[in-house]
Amino acid sequence: MNVEEGKRIEALRRVPLFSSLPPDQIALLARYTVTRQYQKGVMALAEGAEADSLYALLAGSVKVTKSDEEGEEVILSILKPGDFFGEMAVIDEHPRSANIVTLEPCEMVVVEKNEFMKCLAGNFDLTVLIMRGLVKRLREADKRIESLALVNVYGRVAQMLVEVSEPVGTLRMVNKKLTRQDIARMVGASREMVSRVLHDLAEGDYIRMDGRRIILRDKLITYANELGRARSS
């Protein structure tokens, strides 16, 4: 094994999707794998493009976007290290269904389509993980549609902040550099309305603004969770 192949194997092991593969399978897959670096603000995948690879995020974060009928960007989700994308188009052989745009410098593992499909066919556990990933995204899409119909903008912003936040010590915060416009595109509201909601949440001590970071208070998390329970009851 040369140094470059060893790096590719180690990169695959860092991705939860592939970490449980037997050593021989992960070594075989590594032969058809590359790692790529992307700068902030780069479109890593374009909607409508041919699907030839599966991608997994090693570092950084990306947004999954589409354009609405007026050509405005709609953010479907934010992906973080360990998440994978591109699997739908690889499996059904249709063009890419959304854009992937980097929110910060990113490192990705790119697995060639044919070898990934061979690996999928020979590994039940990997197939189950892919199925779970697809089901998770379907559930998220259902929640998004339901939220747009039943929850006001305050509730949608609260739920979105909880979803994209991460634990940092004893706090929970949004570290991703999301603009007001990004948030507006995620919750289906205007930038002005989102600015007003964030101001009101800060005034009510639901959140604390720390530069570009947003620190969540316990009562914001409780509020978002109560909205979720109310919709599911």
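Details of the structure are given in the entry above.
Residues numbered from 1 in each chain as written. Predicted model: local features only at pLDDT ≥ 70, side-chain atom pairs only at ≥ 80, totals over all residues. Heavy atoms only, no water.

A. Expanded view of helix α3 (residues 23–30). Here α3 has its buried residues at I26, L29 and A30. Looking straight down α3, one finds its buried side chains confined to an arc of 105°; they lie on one side. (Buried < 20%, exposed > 50% of the residue type's maximum accessible area, 1.4 Å probe, protein only. Helix = DSSP H or I, 4+ residues; strand = E, 2+ residues; numbered from the N terminus. Arc of directions from axis to C-beta.)

B. The arrangement of the sheet that holds strand β6 (residues 84–85) in detail. Read from one edge of the open sheet, 4 strands run β1-β8-β3-β6, paired in antiparallel fashion. Two strands close off the open sheet at either side, each with one partner strand: β1 (33–38) and β6. As paired elements, β1 and strand β8 (residues 106–112) share 6 bridges and run antiparallel to each other. For Y38, the partnering residue across the bridge sits in β8 and is C106. Set on the sheet, helix α5 (residues 113–121) makes contact with β3 (53–59) and β8; between it and β8 the angle comes to about 70°. (Pairing = 2+ DSSP bridges. Contact = heavy atoms within 4.5 Å. Axes fitted to C-alpha atoms, helices over the stretch in contact; angles between N-to-C directions.)

C. Summary view of unusual backbone geometry. For E93, which is not glycine, the phi dihedral falls at a positive 60°. For E93, the location among the structural elements is in the loop between α4 (87–92) and β7 (99–102).

D. Looking closely at the packing of helix α7 (residues 153–164) against helix α9 (residues 191–203). Where α7 meets α9, the axes come as close as 10 Å, and the angle between the chain directions of the two elements is 75°. The pairing of α7 with α9 is recorded here as roughly perpendicular in orientation. Taken together, the residues of α9 that come into contact with α7 (itself represented by V153, Y154, V157 and L161) are M193, V197, L198, D200 and L201. Classifying every residue of the contact of α7 with α9 gives 8 nonpolar, no polar and 1 charged. (Parallel < 35°, antiparallel > 145°, perpendicular 65-115°, else oblique. Nonpolar A, V, L, I, M, F, W, Y, C, P; charged D, E, K, R; others polar.)

As far as function goes, none of this settles anything; it's purely spatial.
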